[in-house]
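# Secondary and tertiary structure notes
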Amino acid sequence: MPSPAGSPARRPRSPASSLGWYLLFGLLHELSHAFAAWCLGLVDLRAALAGNGWGLQFAMKLAAERRWELPLADDAAGAEWKIAMVRHAGWACSVLLAAAVYAHASKNRGKSFDGPLDHPAVWAAIITALEALSTDLLGLERYILPFFPRAAPSSSGCTRAVTFFCGNFGLILLNPAYTATEEGKKTALDILEKMISVTMVRGAQSGGVVSFISRSARHPDQIMGMRSRVLNSKRTDLSKGIRAKIEADALRVRTGAKFGGPCEPKPGTLVKTYVGHTRFATSSLASFDGTHPHQWTPPRLWRCYDLSGKEEVQFGSKPRLVENFITHNGDFDFYELNGMSYGLDGVQNWLERVTSYEMPSPVDSAAIAGVVDILHTQGCFSLSIRYAVCLGLTTSRINAEMELPAHMDYSRLAQFFEVALDKQIEGTGHRLDFISAMPEEREFLEDLVISLLGLELHDEGAMLPFVKFLTTDEEGGATLANFVRVVIDAFFDNDLLWTVKTFLSNAKGSFGLCVTSAQSAHRQLCVASRGQTNSIAFYPKSGILCYGERNIPVIYWFLESELTWSALYFAGSEQAAVKAGMSFPTPGGDLYVDDPTFDDRPLRFDLDDLNGELLLIDWGEGDLPEVSPPNRHLPVHSIMNGRVKLVVIHEGGESDGLLHHRMTLLSPRDHEFMKALPKDYKDPIAQDLRDIPKICRRIQDDWRGFQSMNGQGTSLNRLTAWNFTKCLQNRMQSLHSGSVERTSGTIDILLTGCEVSLWLAEQFASDLQKAFPRLRITAISSNKLLGLFGQDLDCPSIGFPYSRSYDYKGALMIIVSHSGGTFAPLACSNLLQSMSDNIFVVTSEWDVQIGKQLRGMHSEKDHIVDSRIFTTDCGLRPAEPCSISVAATQQLLTNLFSHICIVILSNPHFRDVSGAIITERDLAELERCNQENIGALEKIVGYDSDGNELLPEIGGTAKELRAMGKLWSRHVLENVKAYCWCFVYIFVTVTTGWPVARAISNAIHGVDHDNYYYLIGFVDACIFFWMPQMAILVLRMIEGRNLRHRMVGRTVVVGDIPWVAQSAEAFLGKIFACSYSIAGCGVLSGNPTDHLVHRHTHRVVRGSLLLCGRPDGRLSALTSVETSVCLSINQASSIQSIGGTCESVTIGHNPFQLPLSKKAIFLDWSRPMFLCERMLGESDLKSFVDRRRKKVVDVGPSKKKGPKKSGKSSRFKADDVEEKRRFDSDSRSAAALQGAYHNLNKEAHRGGGGQQAVAVMAEHTNPLEEILEQAILERQTAKNARSIFNEMDEDGSGTISAEEFLAKYYLVDSTLSRDQVFKIFEEADHDNSGYIDYAKFETIAEMPELQKLRALQTINRPRSLLQVEASDELYFGEQLRDEAGKGVGLLSIEQSQHFSMELYEGRVASLQRFVAMCVMFHEMGKRVENFFSKFTFGLLGYRYDRTHSIMRIASTASPVSGANVRERSRLLRLSTRVKRSLEVVSFAWHQYRLRKQEERLRRAGFRASSTVASRIRID
C-alpha cells in the first residue's frame, strides 16, 4: 500500500537486518564478560582473545555460539566474588543496551518506523537482554544445539575455565545436511549397536559412550573426550538411542570444527575409541548424572611433559588437556590409606575438597573417577604434588575438613620442579625416558629440587601452603626429601597401569573396571576384574578387538598407513557381547598378512575375576608398550601379529608368562562348542516358540548319541554325563561303604538356581527324591546359599530349614542357570568349590560365565574327562519372557534324571543304599513318553522340529490356542477401543455442536424443541456419561463376548503344578510389562490342588480370566489329582454376580469339558496307553459286549441275524481296545473315571485278584475286622518264615545258596517262574556273595507284592551300557502282564505303574501344558502390541519381548555384596586347601609312625600284626 501523502517512506523490514542486529548484540554481550574479567584482573584479555583466534571466524563463532569461556590464571582460584561480578556484568550490559536502543528508537519514531517496537534492533536487543537475564542472573543454562560443541579451555597456561552462556532460542543459521558415513565407520556403529543390545539383557536403564577427538585444528596432538549419554525410557531401545546420540554428537563436532572448536582427528593420526557402559541402577535412581562413563574433574589445562621418549618430542613442558574417564560395574565400598579405611561418603566429600569441584553424581563409580584423577599424574608436576599431599605421604589423610592447598599453589610449586628438570636435561643432555629409568638420575633431580626449595621453607614462598604436611622427623616419612621423592616418583611412574593397580590394591569392593585418559587414549587403556567378569576378544583377520564385561562397552578402531586395522573395543552384557565382531563382514574384505606363522583365528582372553587381575592393552608403535619403570619387569604378550601388546598383573602375584594357553577360540568353525550370536528377529518370542521342538529333538538325539548338537560328532552332554557318572558312583560307593558319616543334615545331591531355573530344579529334586527316598536330595535357592555362605555374618533363611549345619561335603551339586551369568548362581559356583569337587551346571551353552568358573576347577580324582557343563545348546536368547529356555531345561533335566536313575539301578548296592523305588520299566516308559513328546510339542507350537510350519489339519491345537489368545486380547483391548470411540464421538459432537439427541430432535419436524430443550440436554448428558459403557457393550456384541463381565482391567490367574504355574505367570507378566496401563492386565498364579482356592477365589469377579492345566485323569495315579483340579475350577467358576462369573479355560489331555468352564483345550494323544487305561477299556468292551448280547436275547431268534450281527460286534475285539477307549473317553469326567477305577477294584476283589488285591482292595463292613485279619496274616508270615528258612538251609550253615533258594522258593510263592525267583534272589544278595542269611530271607518273605513286581523289573546291566531304551510295548505294562505270576493280580501290576504315571505328569505332560500356555499368551500379548503399533502408525508401539528394567539376566549383586562373596570364596578355598594339606600331612605322619612301630617290633623279635598296628593312636 502506498504511503499517505506527506508521510516519509517506511524502510522495509528485512530478516537479514534483524539477524544482523541479533548477532551484534550477542557479540557485545559476550565482550562485556571479557571486559569485566580484564578489569578485575582475572585474565589477560589479549592472551585470551589470541588463544581463541582473531578475525571474522572468531567473531562469527562468538556471535553464533553465544558463549565465552574465560581461561583463568592460577592465582584466580578462590576469587568467586570476582567471577560473580563478571557474570552479572553480562546481563547488566545487555539490559542497559536494550534500554538505550529502545530510547533511541522512540526518539526517532515516525521517521523510518511507526513505533519503537517496529524497529528490528529493538526486538534483537530485548531478546538478548531476556536471554542474559535467564542465564547470567537466574542461572538457567540454555539449550545448545548439537552442532555447537563444548569447547575446551584454550589459553596456554590456564588451569580452569568458566563458561558464560547466553540462551539461543533456536535461531540457527547453519543447516548442514547429514552425509553418509564411510563403510568402516558405519560397520563400527553397527557392531556397537549390536553389542549394546546384547549388553541390555543384564539391565539397561541408561547408557553412554565416550570417544576421543582433537582439541582443535590448532592443537591436533591434544585429544579430549566427548561423552554421548542416554537415559532410556520405558519403551525406547537404548542401543538405538546411544547410536543416534553418537551420530548427533559427531555431526555437532563436524559443524563446530568450522568455528575453531574440537574436531575429528585426521585419518591415520589417532585411534578412534569408544568406551561405554549400560547401567542398571541399584544404589540410586537411574539418572543422567549417574550414567556412565564417569568423570569427576572436567577437562583442564595443566603444564605437562611428554615422557614417550620419541626423538621428535620437544623439550620442556606445555599446556595439555587432562581428563580421565572410567566405566565400572560392581561396588566401591572403602578406600584404605596409611592403615585407615574410609567409607564412600567420606571419600566423596574429600574429593570435593581436593579437586575443588562438586560431586558430579552420588553413585560410587563417580568417586572412582575422582580417585583416578588424584592417582594419574604422570608427566605433570602440579598433579604429582597434589598426589603427594593427598595420598603419597605418611601424613596424608582422607578428611573433608582438612584444609588443602589451592590449585594455584600446586602450579606455583611445580615451577621449581620444572626448572630443576630443565636444568638437568640441559646439563646432561639426557632424555626424559632415560632419567625416568635410572635411579641415580632421579636422585640428582631430587637434589636439584631440594636446593631450589631450601629457602622456600622459611620465606613466605611457594612452599608455605605445604609446610604443615611435612615433618622434620626422618622416621616420620614426611620430610622435605620424602616429599620431593614422592613427587618425582609420581611424575615418572603414575601412568595408567600404575593408577589402576594402586587403586585396586587399596580399594575394597567388586570391580569390573575400564579406565582411559586423554593423555594416553591414543594408544592404550586398562581393564581390571575383581568380583566382576571381563573378557577381551581378538579378531586378527578383520582387525577387530572386542572387550566385554557385564555392562561395560568399549570400542577401538585402529588406523594405519600400510594396513587398515579396525579394532573395535566394546563391552556388552557378558562373554557373549564380545562375539559381535563375528556378526558383520569386514569393510573392504578380511586382512591378509603374508606370514605363515600368523594365527588369524578369533581368540578371547578371560580375566581372573575371583583372584583379581589387571590388563593393559597397548596398540601403539614399537615392540614394547608404554609402561612406567615399576611395571617394566612384567612380561609383554604380543597378539594380532604384534600389533597389540598386553601386560597382565595378578593381584595374587605376577603373571606366569603364559597367556596364550588361557585363550579361548571364538569361532564355531574353530571351537566345536562355541556358538555365534543369534540372528535378530522381529518377534523373538515367536521364534523361541518355533524352536522348542527343534531344540528338544536335538537334546534327545545328542543324549542318545544319534547326532551331536554341534553337528561335529562330539557330544558335550555325553562327556559331562561320563564325568557325572564317575562322581555319582563314587558318592554311592562311599555311602555303601560307610565312609561318609550320614547325619540328618547330610546332603547327597544339591540343586540350586534362581527364579525359573530354581522352579525347574525343585521339580527335578522332587522326582528324584521320590525315586530314591533314602538319599537326601534338596533344591535350595542360590540367594539363600549366598545368604548363608557368602559373607561372614550369615543371613538366616527365615521360614526355611537351611543353615550352615548342613553337610555339603562331597555332595553332587547341580547349578541350574540357563543364562549361565545370573549373579547368585555364578557366585555359588565359586563358593561351593570349597565344599565339593562334584559341581556341574545345566545351562544354555558351553561358553557361559559359570562354565568358565567350573572349567577352572581341578578335580583331585584321576578322570580322563573332567567336563562339568550340561548344555541345552539354545545359546543367547534375548527375549525376556522365557519359553524355550524353560522347555529346553526341563527336557535336559528329564534326560539327566533318567541317567542318574540308570546309574543307581545298574548296581544292587546302590539300589539298596538309595532305597530305589523306581524301576527300569518305569524309565523305559518315561523314555518312550519323552521321545513321543516331540510330536506333541510340534502340534502345540504349529511347527515341526525342522522349523517348518505344519499344515492346518495337523496343527489344529496351535490354531485353537491362538484363537483363545486372540479372544483374551480382545478382553484386554476393549477399554482402549471404547476410549477411541468416545474420543471420536466427543470430538465430533462438541466440535459440530450437534450431540446425537439434539441432532435427532432437530431432524424431526413439527416438534416444539423449546419445550423439550432440557430433556434433550439430559439425554445427551446421559449419553456422554455412559458412552464408555455403551461402547464396550457394542464391542462385546460385535465380537461375541460375554456382556456381563465387569468393565475394568483384566486379571489372569494361572493354575497348575508349581513350576508350570510360576513359569507361565512370569512369561505373561513380562509380556505385558511395557504395555500401556489402559491395556494392561494383572497376573497371578497358584496350585489348584493346594492353595489356588484359598489365595485367589476371593478375588474372582465377573470377567476374571482363569487358565488351569489339568493332569491326565485317565491315568489311575492322576485321577484324584484331576478331580481336585476340577473341583477348584468349579468353585471359582461358581462365584457369580448378576449371572456372570470368571471366564475359565482348561488345558489338558483328558477330553472332557467342565460344565462351568468357557473352553477346554485338549492336547493330542502322544503316548501309548498305560495298563490302567487298557483295563478300563477291556472293562468297557466287556460291558459293551454284554449289553449287545442282552439286547440280542431280548429281541429273540426271529430278529437275530447271526453272521451279520457277529461281524458287527467283532469290530470291538480285544485288539481294538485302544480305539474303543478313545471312542468312549470324551464322555468321562475325572469323577466318572474315579468311579470306574473304583468299580474295577471291586471286581478284582470279587475275582480273587491275588494276595495284594485281597489285602488292599477288600471291603469289610467292619474296619476292625480288616485290621485284625491283616495283623493275623503278618504274624503267620513271620512265624512261618523261620521254619521255611530252616527247611531251605539243607546243610545247616545258616545261609541259603542260590541253588537252595531256587529249589525251595515254591514254599513261599509258587506262582513265579525260575527266572523270576532268581531275580528276587539277586536283588536280596547285595554283596554278590551267592548266599543270603535269615535277615535277608525274612525281607523276601515279607516283601509286598508291589515290591516283588519291582524286583522282577530289575535288570543288572553292565556298567558300560548306561543308556535307557524306550519301551516298545503296545501299551505300558503289556510285557509285565505277560511275565507276572498267575497269582499276581492285574491291579497289583497296574499299581506298580503309579510312579511311572507320576513321572509322566511331572516330566512330560506338564511341559506340554506349559508350552501350550506360552503359545496362547504369546498370541494374546502380540495382538495387544500390534493394535497400538497399527492404529498409531508406530508412534505408540513398544517391544513386548522386553520389560522396563530390560533385565533378562539378573547380574546385580543380591542378597550380599559381590565383594563379600569374592572374599568369602577366597577364604573358603584357602581353608579347604589348608584342611587338605593337614590331611595329607596327618596321613603321612600316621604311616611314618606305623613303620617305626613295626621296625621296633621286628627289632624285638616280634611280628607286628596289622590289628595291633591299626590300634595305634596318634596324638
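Values in this document were obtained by computation on a predicted structure and should not be read as measured data.

### Topic: the overall build of the protein
- Counting its secondary structure elements, the protein contains 45 helices and 32 strands.
- Expressed as a percentage of the 1515 residues in the protein, the buried residues total 55%.
- Residue pairs in contact within the protein that sit at least 24 positions apart in sequence constitute 75% of those at least 6 positions apart.
- Element-wise, carbon and sulfur atoms account for 55% of the exposed surface of the protein, whose accessible area totals about 65,800 Å².

### Digging into the sheet that holds strand E22 (residues 777-781)
- If you trace the 5 strands from one edge of the open sheet to the other, you get E22-E21-E23-E24-E25, paired in parallel fashion. The sheet terminates laterally at E22 and strand E25 (869-871), the two strands that pair on one side only. Strand-to-strand, the axes of this sheet are offset by a mean angle of 20°, without reference to chain direction.
- Both strand E21 (residues 749-753) and strand E23 (residues 812-816) contribute to a ladder of 5 bridges, which runs parallel. Residue pairing across strands places Leu 750 opposite Met 813, the latter belonging to E23.
- Its contacts with the sheet place helix H17 (residues 716-737) against E23, strand E24 (839-843) and E25, and it is angled at close to 135° to E25.

### Points about the pattern of salt bridges
- Per the stated rule, a full pass over the model turns up 41 salt bridges.
- The salt bridge involving Asp 748 is made with Arg 731; its shortest N-O contact spans 2.9 Å. Residue Asp 748 is located in the loop between H17 and E21, and its partner Arg 731 is located in helix H17; the two are separated by 17 residues in the primary sequence. Neither residue differs from the other here; Asp 748 and Arg 731 are each classed as buried.
- Salt-bridge contacts for Glu 974 lead to Arg 1050; the nearest nitrogen and oxygen are separated by 3.2 Å. Here the residue Glu 974 occupies a position in helix H25 (residues 956-992), and Arg 1050 occupies one in strand E26 (residues 1050-1055), the gap between them amounting to 76 residues.
- A residue is classified by how much of its surface remains accessible, and Arg 1050, at 5% relative accessible area, is buried.
- Several salt bridges converge on common partners, so that one network encompasses Glu 974, Lys 977, Arg 1036, Glu 1039, Arg 1041 and Arg 1050.

### Considering the pairing of E26
- Burial within E26 is extensive, with 5 of its 6 residues counted as buried.
- Across 6 bridges, E26 lies against strand E27 (residues 1081-1086) in parallel orientation. Its bridge partner being in E27, Gly 1055 is matched across the sheet by Gly 1086.
- Regarding topology, helix H28 (residues 1058-1071) serves as the crossover connection from E26 to the parallel E27, and that connection is right-handed.

### Remarks on the packing of aromatic side chains
- All told, the structure shown has 32 aromatic pairs when counted by the stated rule.
- Measuring from ring centre to ring centre gives 5.9 Å for Tyr 1076 and Tyr 1438, while their planes differ by 80°; the resulting arrangement is edge-to-face. Of the two residues, Tyr 1076 is situated in the loop between H28 and E27 and Tyr 1438 in the loop between helix H43 (1394-1431) and helix H44 (1458-1499); the sequence distance between them amounts to 362 residues. Side by side, Tyr 1076 and Tyr 1438 carry an identical accessibility label, which is buried.
- Ring centres of Phe 1427 and Phe 1428 lie 5.7 Å apart, and the angle between their planes is 85°; this geometry places the pair in the edge-to-face category.
- Classification of Phe 1427 by relative accessible area gives buried; the value is 13%.
- An aromatic cluster is defined as three or more aromatic residues linked by ring pairs; in this entry it consists of Tyr 305, Phe 381, Phe 417, Phe 491 and Phe 492.
- Above the plane of the ring of Phe 288 lies Arg 229, whose end atom (NZ or CZ) is 4.5 Å from the centre.

### Comments concerning unusual backbone geometry
- Looking along the chain, the bond that leaves His 292 and enters Pro 293 is cis, with omega of -5°.
- With a phi angle near 55°, Asn 338 is a residue other than glycine that sits in the positive phi range.
- Positionally, Asn 338 belongs in the loop between strand E8 (324-337) and strand E9 (340-343).

### Description of helix H18 (residues 755-771)
- An ideal rise of 1.5 Å per residue puts 24 Å on 17 residues; H18 measures up with 25 Å between its terminal C-alpha atoms.
- Of all the 17 residues making up H18, 12 are buried; the element is thus mostly covered by neighbouring parts of the structure.
- The secondary structure elements touched by the buried residues of H18 are E21, E22, E23, helix H22 (884-905), H28 and H43.

### Regarding the sheet that holds E26
- Judged by pairing direction, the sheet is parallel, and its 5 strands sit side by side in the order E27-E26-E28-E29-E30 without closing on themselves. Each end of this open sheet is capped by a strand with a single partner; those strands are E27 and strand E30 (1159-1162). The mean inter-strand angle of the sheet, taken between neighbouring strand axes irrespective of direction, is 15°.
- Relative to strand E28 (residues 1105-1110), E26 runs parallel, the two sharing 4 bridges. Within E28, the residue paired with Gly 1055 across the bridge is Cys 1108.
- Lying over the sheet, H43 contacts E26, E27, E28 and strand E29 (1143-1148), oriented at roughly 155° with respect to E28.

### Remarks on the state of the cysteines
- Taken as a whole and judged by the stated rule, the model has 0 disulfides.
- Here Cys 526 stays free of any disulfide, with the sulfur of Cys 514 as its closest cysteine sulfur at 8.3 Å.
- Just so you know, Cys 1142 is unpaired, no disulfide at all, and the nearest cysteine sulfur is the one on Cys 1108, 9.1 Å from it.
- Look at Cys 1142 and you get buried, because its relative accessible area is 5%.

### Side note on the nonpolar core
- With 131 residues, the main nonpolar core has Leu 751, Phe 897, Ile 918, Trp 968, Val 1411 and Phe 1417 as its most contacted residues.
- Tallying contributions element by element places H43 first for this core, with 19 residues.
- Those residues in contact with Trp 968, other than ones at most four positions away along the chain, are Val 1052, Leu 1105, Leu 1106, Leu 1107, Glu 1143, Val 1145, Met 1416, Phe 1417 and Met 1420.
- Tyr 342, Ala 366, Ala 462 and Leu 634 belong to the second-largest nonpolar core, a separate cluster that totals 76 residues.

### Section: the environment of Trp 619
- Mapped onto the secondary structure, Trp 619 falls in the loop between strand E16 (613-618) and strand E17 (636-639).
- For the pair Trp 619 and His 522, spaced 97 residues apart in sequence, the C-alpha to C-alpha distance is 8.6 Å.

### So, the side chain of Glu 1419
- You can see Glu 1419 is positioned in helix H43.
- Here the side chain of Glu 1419 touches Arg 1423 through a polar contact of 2.8 Å, side chain to side chain.
- Apart from the residues within four sequence positions on either side, Glu 1419 is in contact with Arg 962, Gly 965 and Lys 966.

### Some words on a nonpolar patch on the surface
- There is a patch of nonpolar side chains on the surface, built from Tyr 979, Phe 983, Val 984, Phe 987, Val 988 and Ile 1078 and spanning about 620 Å² of accessible area.
- Its location among the elements puts Val 988 in helix H25.

### With respect to the environment of Ile 747
- Mapping Ile 747 onto the fold places it in the loop between H17 and E21.
- Here Ile 747 falls in the buried class, since its relative accessible area comes to 0%.
- Separated by 31 residues in the primary sequence, Ile 747 and Thr 778 have C-alpha atoms spaced 7.4 Å apart.
- Setting aside its immediate chain neighbours within four residues, Ile 747 contacts Arg 731, Arg 776, Thr 778, Tyr 806, Asp 807, Tyr 808 and Ala 811.

### Section: the packing of H22 against helix H24 (residues 920-941)
- Put simply, H22 and H24 touch, their axes get as near as 11 Å, and they point 160° apart. If you check the angle between H22 and H24, you find them roughly antiparallel. Judged by the sense of rotation from one axis to the other, the crossing of H22 with H24 is left-handed. Where H22 approaches H24, its residues Gln 891, Thr 894, Asn 895, Phe 897, Ser 898, Cys 901, Ile 902 and Leu 905 are matched on the opposing element by Glu 920, Leu 923, Leu 926, Asn 930, Asn 933 and Ile 934.
- Each residue belonging to the contact of H22 with H24 can be placed in one class, and the counts come to 7 nonpolar, 6 polar and 1 charged.

Criteria and cut-off values
- Residues numbered from 1 in each chain as written.
- Predicted model: local features only at pLDDT ≥ 70, side-chain atom pairs only at ≥ 80, totals over all residues.
- Heavy atoms only, no water.
- Helix = DSSP H or I, 4+ residues; strand = E, 2+ residues; numbered from the N terminus.
- Buried < 20%, exposed > 50% of the residue type's maximum accessible area, 1.4 Å probe, protein only.
- Contact = heavy atoms within 4.5 Å.
- Areas by Shrake-Rupley, 256 points an atom, 1.4 Å probe, with all protein chains shown as cover.
- Pairing = 2+ DSSP bridges.
- Axes fitted to C-alpha atoms, helices over the stretch in contact; angles between N-to-C directions.
- Salt bridge = Lys/Arg side-chain N within 4 Å of Asp/Glu carboxyl O.
- Right-handed = clockwise from strand over helix to strand, strands pointing away.
- Phe/Tyr/Trp six-rings, centres within 6.5 Å; stacked < 30°, edge-to-face > 60°.
- Lys NZ or Arg CZ within 6 Å of the ring centre and 35° of its normal.
- Expected span 1.5 Å × (residues − 1).
- Disulfide = S-S within 2.5 Å.
- Core = buried A, V, L, I, M, F, W, Y, C linked by side-chain atoms within 4.5 Å.
- Polar contact = N/O pair within 3.5 Å; in protein donor to acceptor, adjacent residues only side chain to side chain.
- Patch = residues over 30% accessible without salt bridge, like charges linked within 9 Å, V, L, I, M, F, W, Y side chains within 5 Å.
- Parallel < 35°, antiparallel > 145°, perpendicular 65-115°, else oblique.
- Left-handed = near helix turned anticlockwise from the far one by under 90°.
- Nonpolar A, V, L, I, M, F, W, Y, C, P; charged D, E, K, R; others polar.

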